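# Residue-level structure breakdown
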Amino acid sequence: MSLGIVMLVHTAFGRAEQVARHWSRAGCPVVIHVDRSVAPRVYRAFVESLSDLPDVHFSRRHRCQWGTWGLVAASQDAAELLLDRYPGVRHVYLASGACLPLRPVDELIAYLDARPQTDFIESATTADVPWTVGGLDRERFTLFFPFSWRGNRYLFDRFVEVQRRLGLARRIPRGIVPHMGSQWWCLTRKTLEAILHAPDRRRFDRYFRRVWIPDESYFQTLARLHSEHIESRSLTLSKFDFQGKPHIFYDDHLQLLRRSDCFVARKIWPHADRLYDAFLNHPEGAANRQEPNPGKIDRIFAKAVDRRTRGRAGLYMQSRYPNQGWENGVTAGKYSVFCGFSDLFREFEDWLARATGAQVHGHLYAPERAEFAGGQRIVNGALSDTAGLRDANPKAFLTNLVWNTRGERQCFQHGPRDAQAINWHITRDPNAQISVITGAWAVPLFKSDESFAVLRREAAALQKIERRMLDELHSPEAKARIRIWSMAEFIEAPMEPLQVLIDEIGQASGRRLAEAPVMEDLTGFGQFLQNLKNQGMHPYLMGDFPVEPAPRDARPRARKPYIVNQ
Amino acid sequence: MGAWQSYRLRLQRRRWRLRAFRKRRELKPVANRTDAIRASDLLVFCTQRNEGVRLPYFLKYYRDMGVNHFLFVDNDSTDGSLDYLARQPDVSVWSTRASYKRARFGMDWINWLLRQHGHGHWTLTVDPDEFFLYPFCDTRPLRALTDWLDASSIKSFSAMLLDMYPKGRIDAQPYEAGQDPLQIASWFDAGNYTTRRNRRFGNLWIQGGPRARMFFADQPERAPALNKIPLVKWDRRYAFVSSTHMLLPRGLNLVYDEWGGEKASGLLLHTKFLDTFGTKAEEELQRRQHYAGSKEYLAYAEGIRENPDLWCRFSETYINWRQLEILGLMSKGNWA
């Protein structure tokens, strides 16, 4: 038989037995290494359970702590035993107890028979691998690691630091270039014997004994010395997550594994009864003997890692609560904030909704309640308009709204009469488009019938609040798309900036503004401002309005608006 | 976090553990089958009072999930539920007539049982109206999750409380023993939850849902907390501080990622709002045995009289865990 199996086992012996029998049934000799930490009673029972198979052997036991030399020593001994006992073996496949053959063993044998000289071992130089966890790639080979990474992370890290600072380094033995890769390989007898019987093996062993995670580098490095034809990939499908621990396969991965056309997969959950039953008792031959194609599985696991490390932008929930600056998107989508527009224009919201097709709310942070579009009391996600709930956490209110309406652009009005606590959050949110007509809050005052003393007081208060908001918008940390016009500046040519804003919202792309919003009649506004001044208040945010004549042409003529883009 | 703060939390933890130790006398074993618990068993811990009608489905739900043993504290039930529990082969039950409130809403009793029987086990601490949901729960048993948590060196698993409610009056459809309560209470609020961080204990404080919306609109800070950490690989040094909202040592409360990523999390589907709720609310109000002077129940009782329909146009119908994952209420994290 041309294929022999080395199995490293430390747990789930029932499953290991099943798999060993499976290999053996196909005629492959199996050498099993059992971790020395396993209790003698358990070990004996396991040996006993396989005693009816003449071609299953057990090799000398080593203690196999993760990331230590024991795993390499175990592989060496088991491989030696296998090669000595079975001169017919041409390829040795290193597997673990949690590996599961997915395709009939015959197909694997045929695949290897067609490539008798090829060593399948993932092997890349340290400079080229992105997957090292903890940033130790080259340093694995040049530092000392007397402390266990799993058992005593603190000392491990401190000792690495100390060595870096002191510039300590081990010398890499002459003649080798460190390579790394998956620890699950399939090597030819020729290469393995060359590694195991090399005259300087003791020298290499002594060196690798102190390397960190030698099972990912010993054979990977030495195979480069002796092999004539290396295929740098593992025949075992094995995916690692962001902490460097293998992803586990469950029953619901059955179809995925079948379609992967891989020969062997790890790691299988020991209780995945359906997987073991399907692949050991009813293996399906690939109809047209395809090359292994783990692409789909790759994508699923890559997505899982991305979900764990980057998460979903704009989502705040029980297991994702990013620190400020780490949100990877303060909100889930783009939205627009308009300040002063609904004061200056009549029925601005309706007009904006018609012009953009976006969802246009009133003042979401109005003191009485959140003025949702269409006067709704409650919107997507059962978000309520109650001011109390909103003001208890203004940021969550906004992030919830944007999250709940993903895919639909939100616009809302804002101003100095509204709750201001949200300002800073929208200012530093790159998803926000904030447009401000400063001083427009004076228009409703101008239209109001209140006594002038009251108006004067209110104007002073509103101006102060808006001033503070503008200061925030001018902060160097502002990330929003911010545009600010004084009112006087804006009414000079209102259509131009409006067209730009609408285009940027971009929902009804390329559409020209067919109608202009109706501006409030500002006749007498200049005099109103002058009256405020005469009362000792200094309205300045709206820009310069001459007392007489009244701002010309309050209502833009029905001329064609500027078209900025085609 | 300074050494002083950390020392004070340590003292506090000791205080809760001592309290649990003192309160142990209040528990009388009625059926103690804890000898049957094996080293790797998954355990459920639960306090109940007059929940007889809910228990059959509750036990079935968690048995199907792969829970091996249930440990109940029965607080003076009068509906025969104590006998019912004592007859179950996989249930150990203790009874007490002592004050629920003075046992810190049952937490002292549970802390004691956890300390006695939970050490080294994955333990799930839930109420009879809470149904635990985790990623892939329709295809993988609970043990798949706990094995994965073990392999990832994770000791505690978050599951936010998701209030489920029926459409129409809460008392419109009668609930019968053994029935899946989600057939009646099948609606929930998808996106009105607010989160804050509790700096002292390191846990998140989540509020919202239909209760905040309907009963606590004017006093949102009083709305019930929804953050829960029900699944813990227990160690006898641990202690729940306030319900299952937070634990000590505080590292166990760090069930969320702070750097933009998502950790895996589940949900507790909370089926409190069945036809049994009205009587329950009145009764609890009489007993005054609930949190914060039963303010919560007071608000309910009032709310219930005014408008018993929690449903709104934007309520979502429950389909499965994948739906809840997409809505962002729970996460697969890096479990795939």
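Basis of the calculations
Note that residues are indexed from 1 along each chain, following the sequence as it is written. Naming scheme: in the order in which they are written, chains are lettered from A and ligands are numbered from 1. Since the coordinates come from a predicted model, pLDDT governs what is reported: local features require at least 70, and pairs of side-chain atoms require 80 or more to be given and counted, while whole-chain, interface and lining totals use all residues. Side-chain calculation: all heavy atoms of the structure are included, whereas hydrogens and water are not. Each helix corresponds to a stretch of at least 4 residues labelled H or I by DSSP, and each strand to a stretch of at least 2 residues labelled E; elements are numbered beginning at the N terminus. To sort residues, take the accessible area from a 1.4 Å probe on protein chains only and compare it with the maximum for the residue type: under 20% means buried, over 50% means exposed, and anything in between is partly exposed. Two residues qualify as a contact provided that any one of their heavy atoms is within 4.5 Å of a heavy atom in the partner residue. For accessible areas, the Shrake-Rupley method is used with a probe of radius 1.4 Å. Any residue's cover is judged against the shown protein chains and nothing else. In summary, the charge assignment counts Lys and Arg as positive and Asp and Glu as negative, without counting His or the chain termini. Where a charge lies is defined by one atom per residue type, namely NZ (Lys), CZ (Arg), CG (Asp) and CD (Glu). Note on method: radius of gyration uses C-alpha positions; expected globular size equals 2.2 Å times residues raised to 0.38. When DSSP locates at least two bridges between a pair of strands, those strands are taken to pair. Note on geometry: axes are C-alpha line fits, over the in-contact stretch for helices, and angles between N-to-C directions span 0 to 180 degrees. Salt bridge, as applied in this entry: a Lys or Arg side-chain nitrogen positioned within 4 Å of an Asp or Glu carboxyl oxygen. Computed with a 1.4 Å rolling probe, the buried area is the accessible surface lost when two parts are put together, summed over both parts. Whenever two N or O atoms come within 3.5 Å, that pair is a polar contact, provided that in protein one can donate a hydrogen and the other can accept it, and provided that, for residues adjacent in sequence, both atoms are side-chain atoms. Residue ranges labeled as domains rest on an automatic or database domain assignment. Three classes are used, and their members are as follows: Ala, Val, Leu, Ile, Met, Phe, Trp, Tyr, Cys and Pro are nonpolar, Asp, Glu, Lys and Arg are charged, and the others, Gly among them, are polar. With strands facing away from the observer, any crossover in which the path from the first strand over the helix to the second runs clockwise is taken as right-handed. With respect to orientation, any angle under 35 degrees is reported as roughly parallel, any angle over 145 as roughly antiparallel, any angle of 65 to 115 as roughly perpendicular, and every other angle as oblique. By the definition used in this description, the sense in which the near helix is turned from the far one sets the handedness, with an anticlockwise turn below a right angle giving left-handed and a clockwise turn giving right-handed. Nonpolar cores were defined as sets of buried Ala, Val, Leu, Ile, Met, Phe, Trp, Tyr and Cys residues, with membership established by side-chain atoms within 4.5 Å. Throughout, the protein atoms alone are placed on a 1 Å grid, and a set of points is a cavity if a 1.4 Å probe fits but cannot get out or a pocket if it is open with protein on both sides within 12 Å along at least five of seven lines; lining residues have an atom within 4 Å of a point. Grid points are joined across faces, edges and corners, and a volume is the space filled by probe spheres set on the points. Between the rings of Phe, Tyr and Trp (Trp by its six-membered ring), a pair exists once the centres lie within 6.5 Å; its type follows the angle of the planes, with under 30 degrees stacked, over 60 edge-to-face, and the other angles tilted. Should the NZ of a Lys or the CZ of an Arg lie within 6 Å of a ring centre and within 35 degrees of the ring normal, that charge is described as sitting over the ring.

The next thing to look at is the overall build of chain B. For chain B, the count of helices and strands is nine helices and 16 strands. Here chain B holds 336 residues, and the buried ones make up 61% of them. Sequence-distant contacts in chain B: of pairs separated by 6 or more residues, those separated by 24 or more amount to 74%. Taken as a whole, chain B presents about 13400 Å² of accessible surface, with 48% of it coming from carbon and sulfur. Side-chain charges of chain B comprise 51 positive and 38 negative groups, with the mean position of each set lying 10 Å from the other.

Looking only at helices and strands, chain A features 21 helices and 21 strands. For 566 residues, the compact-globule formula gives about 24 Å, and the C-alpha radius of gyration of chain A, at 36 Å, lies well above that figure. When its C-alpha atoms are laid out on the principal axes, chain A stretches across 110 × 60 × 45 Å. When each of the 566 residues of chain A is scored for burial, the buried share is 54%. In chain A, 76% of the contacts between residues at least 6 apart in sequence involve partners at least 24 apart. A total accessible area of about 25200 Å² is found for chain A, and carbon and sulfur atoms account for 49% of it. Taken as two groups, the 77 positive and 65 negative side-chain charges of chain A have centres that lie 6 Å from each other.

Residue and element names in this part refer to chain B. Read across the sheet, seven strands follow the order β1-β4-β3-β2-β5-β12-β7 without closing on themselves; strand pairing throughout is mixed. A strand with exactly one partner marks an edge of an open sheet, and here the two such strands are β1 (28-31) and β7 (156-157). Where strand β3 (residues 69-75) meets strand β4 (residues 91-96), six bridges bridge the pair, whose relative direction is parallel. Bridged to L71 within β4 is S92. Strands in contact with helix α4 (residues 107-118) are β2 (42-48), β3, β4 and β5 (122-125); relative to β2, the strand with the most contacts, it is inclined by about 160°.

Residue and element names in this part refer to chain B. Within the secondary structure, R13 is located in helix α1 (residues 3-23). No salt bridge is formed by the buried R13, whose closest oppositely charged neighbour, D235, lies at an N-O distance of 7.0 Å. Every residue in contact with R13, bar those within four places of it in the chain, is listed here: R237, A239, L248 and P249.

Time to look at the interface of chain B and chain A. In this complex, chain B contributes 57 residues to the contact, which on the side of chain A involves 48 residues. A buried area of about 4300 Å², summed over both sides, lies between chain B and chain A, and 51% of it is on carbon and sulfur atoms. Where chain B meets chain A, there are five salt bridges. With a shortest N-O distance of 2.7 Å, B:D257 and A:R308 are connected by a salt bridge. Joining chain B to chain A, the criterion identifies 34 residue pairs in polar contact (both at pLDDT 80 or more).

Looking now at the domain arrangement of chain B. All names here are of chain B. Segmentation of chain B into domains returns domain 1 (16-128) and domain 2 (129-336). The C-alpha-based centres of domain 1 and domain 2 are spaced at 20 Å. With 39 residues of domain 1 at the interface, the matching set in domain 2 holds 50 residues. Taken together, the two surfaces of domain 1 and domain 2 that pack against each other cover about 3900 Å², and 56% of this comes from carbon and sulfur. Counting every contact that joins domain 1 to domain 2 gives zero salt bridges. Put simply, domain 1 and domain 2 have 19 residue pairs in polar contact (both at pLDDT 80 or more) between them. Counting only elements with at least two residues in the side of domain 1 that touches domain 2, the list comes to α1, α2 (55-65), α4 and β5. Among the elements that make up the side of domain 1 that touches domain 2, the one with the highest residue count is α2 (six residues). Grouping the amino acids of the side of domain 1 that touches domain 2 by side-chain chemistry returns 18 nonpolar, 12 polar and nine charged.

We now examine helix α5 (residues 142-151) of chain B. All names here are of chain B. Within α5, seven of the 10 residues are buried, leaving the element largely enclosed by the surrounding structure. Listing the buried residues of α5 in full gives L142, R143, A144, L145, T146, W148 and L149. Where α5 is buried, its residues touch β2, α2, β5, β6 (130-133), β7 and β12 (231-233).

Before going further, it helps to spend a moment on the pairing of β3(B). All names here are of chain B. Counting buried positions along β3 yields seven of seven residues, so the element is predominantly enclosed. The pairing of β2 with β3 spans six bridges and is classified as parallel. The residue bridging C46 from the neighbouring strand is F72, located in β3. Tracing the backbone out of β2, into α2 and back to the parallel element β3 gives a crossover that is right-handed. For the crossover that starts at β3, traverses helix α3 (residues 81-87) and ends in the parallel β4, the hand is right-handed.

Turning our eyes to something else, we now look at the packing of helix α7 (residues 201-208) of chain A against helix α8 (residues 218-226) of chain A. Residues and elements named next belong to chain A. Viewed as axis vectors pointing N to C, α7 and α8 meet at an angle of 150°, and their least axial separation amounts to 11 Å. Taken as axis vectors, α7 and α8 run roughly antiparallel relative to one another. Here the hand of the crossing between α7 and α8 comes out right-handed. Each of R201, F204, D205 and F208 in α7 lies in contact with α8, whose residues at this interface are Y218, T221, L222 and L225.

Bringing the nonpolar core into the picture now. In terms of nonpolar packing, the biggest core is built from 143 residues, with A:M7, B:Y62 and B:F132 touching the most fellow members. Beyond its immediate chain neighbours, meaning those up to four positions away, B:Y62 contacts B:V44, B:V67, B:F70, B:L124, B:V126, B:E130, B:F131 and B:F132. Membership of the second largest hydrophobic core comes to 64 residues, among which are A:F338, A:F348, A:L364 and A:V443.

It is a probe the size of a water molecule, rolled over the atoms, that shows where empty space is left. The final tally for this structure, using the stated rule, is seven cavities of 30 Å³ or more. Along the walls of the largest cavity sit 19 residues, with A:L389, A:R390, B:N192, B:T194 and B:G208 positioned nearest its centre. Among the secondary structure elements, those contributing two or more residues to the lining of the largest cavity are β17 (383-384), α14 (387-392) and α15 (394-404) of chain A together with β10 (194-197) and α6 (209-215) of chain B. Of the residues that constitute the lining of the largest cavity, the class distribution is nine nonpolar, seven polar and three charged. Within this model, the second largest cavity holds a volume of roughly 140 Å³. As for the second largest cavity, its lining consists of 17 residues, and the residues nearest its centre are A:L315, A:Y316, A:M317, A:N400 and B:G328.

Take the packing of aromatic side chains next. According to the stated counting rule, one finds 63 aromatic pairs over all chains in the structure shown. Measuring from ring centre to ring centre gives 4.9 Å for B:F136 and B:W321, while their planes differ by 55°; the resulting arrangement is tilted. Taken together, the residues B:F136 in the loop between β6 and α5 and B:W321 in helix α9 (residues 321-326) connect sequence positions 185 residues apart. In terms of burial, B:F136 and B:W321 fall into one category: buried. The rings of A:F338, A:F341, A:F345, A:F348, A:W351, A:W485 and A:F490 are connected pair by pair, giving a single aromatic cluster. Cation over ring: A:R61 sits above A:Y43, and NZ or CZ is 3.9 Å from the ring centre. One Lys or Arg, A:R115, reaches over the ring of A:Y111 and ends 3.7 Å from the middle of that ring.

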